[in-house]
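Listed below, chain by chain, are the residues.
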Amino acid sequence: AMGLATTDASENVYTTENGLIVNRHYMPSDEYCPGPIKAEWLFLHHTAGWHNPYKTINSWAGDTRGRIATEFVLGGQSIKGDDDKYDGVMVQAFPEGNWGYHLGKNGSSKMHENSVAIEVCNFGYVVNGKAYQGTTVAESQIVTLSKPFRGHSTWHRYSDAQIEALEKWILWIGERDGIDIRAGLPALIKEKGADAFEWNEDAYYGKVKGLWTHTNTRKDKVDMFPQPELMDMLVSL
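The paragraphs below set out a description of the structure included in this document. Numbering of residues starts from 1 in every chain and runs along the sequence as written. Local features in this predicted model are restricted to residues whose pLDDT is 70 or higher, and side-chain atom pairs enter the listing and the counts only when it is 80 or higher, whereas totals over whole chains, interfaces and linings include all residues. Hydrogens and water are ignored here; the side-chain numbers use all heavy atoms of the structure.

**Re unusual backbone geometry**
Heads up, the rule is: Counting from the N terminus, the helices are the DSSP runs of H or I reaching at least four residues and the strands are the DSSP runs of E reaching at least two. Accessibility here uses a 1.4 Å probe with only protein chains present; expressed as a share of the type maximum, an area under 20% marks a residue as buried, one over 50% as exposed, and anything in between as partly exposed.
Look at the link from G35 to P36: it is a cis peptide, with omega at 0°. Despite not being glycine, A48 has its phi angle at roughly 55°, a positive value. Mapped onto the fold, A48 is located in the loop between β4 (41-46) and α1 (53-62). The exposure class assigned to A48 is partly exposed, which follows from its relative accessible area of 25%. Look at R150: it is not a glycine, yet its phi comes out positive at around 50°. Mapped onto the elements, R150 comes out in the loop between β10 (142-149) and β11 (152-156).

**Side note on the pairing of β10**
Where we set the bar: By the convention used here, strands pair only if DSSP detects at least 2 bridges between them.
As defined by bridge partners, β10 adjoins β11 across 4 bridges and the pair is classed as antiparallel. Directly across from T144, in β11, lies its bridge partner T154. Taking the residues that link successive antiparallel strands as the turn, the β10-β11 hairpin has 2 residues, and the phi of R150 there is positive, at about 50°.

**A short note on empty space enclosed by the protein**
Rule in force here: A cavity, in this analysis, means grid points on a 1 Å lattice covering only the protein atoms where a 1.4 Å probe fits yet has no way out; a pocket is instead an open set bounded by protein on both sides within 12 Å along at least five of seven lines, and a residue lines either one if it has an atom within 4 Å of a point. Grid points are joined across faces, edges and corners, and a volume is the space filled by probe spheres set on the points.
Applying the stated criterion to the full structure yields 1 cavity of 30 Å³ or more. Taken as a whole, the largest cavity encloses approximately 50 Å³ of empty space.

What follows is the structure, encoded as structure tokens:
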């Protein structure tokens, strides 16, 4: 089993057996919900925000929305193209076996408590070269989909480092928590391609356990999008 393989002296960094370096940056314990959980789902989200995973976790710790969080946050490139210090950096927001509310409304209350999730630092759709909050996106970080997704063709690209870290993370979590990571979205991509990222009744009601994205359970949210490199990675798991 892939447990915690090596931990450095400060106890804040560990490397998984498949080579993913994870940084611990835990929130106060009143910002997440105590376990134990029986993890059966794995959810991918993106933050629709900046690239620094530590700042994302700090903002959750400092907000007044209650225990909304995910166990992991994956850093990215600054959309301005001027900072890749956090690109592919994985940070753990609370100890394994606990949980946070991360799905909003869905058809299965069990899924909140029994799912592990990751937020990928990414701004989402790009309109006229700008992210929704007005920043111009570096040209190299723009991807245009062959078919619009949730009304948008142009998106902030998931970096190669993010996709590589995600792959290691998904495989490690699948083994750590006994989740079938090939079920759900990866299986659907083989069938439907990019359309697999749309709302899915089985995902919404928690009928199919496995790997999903937030858009599979929400019609009203723009979240992870079907970038070809992401789909290739999910299909190859």
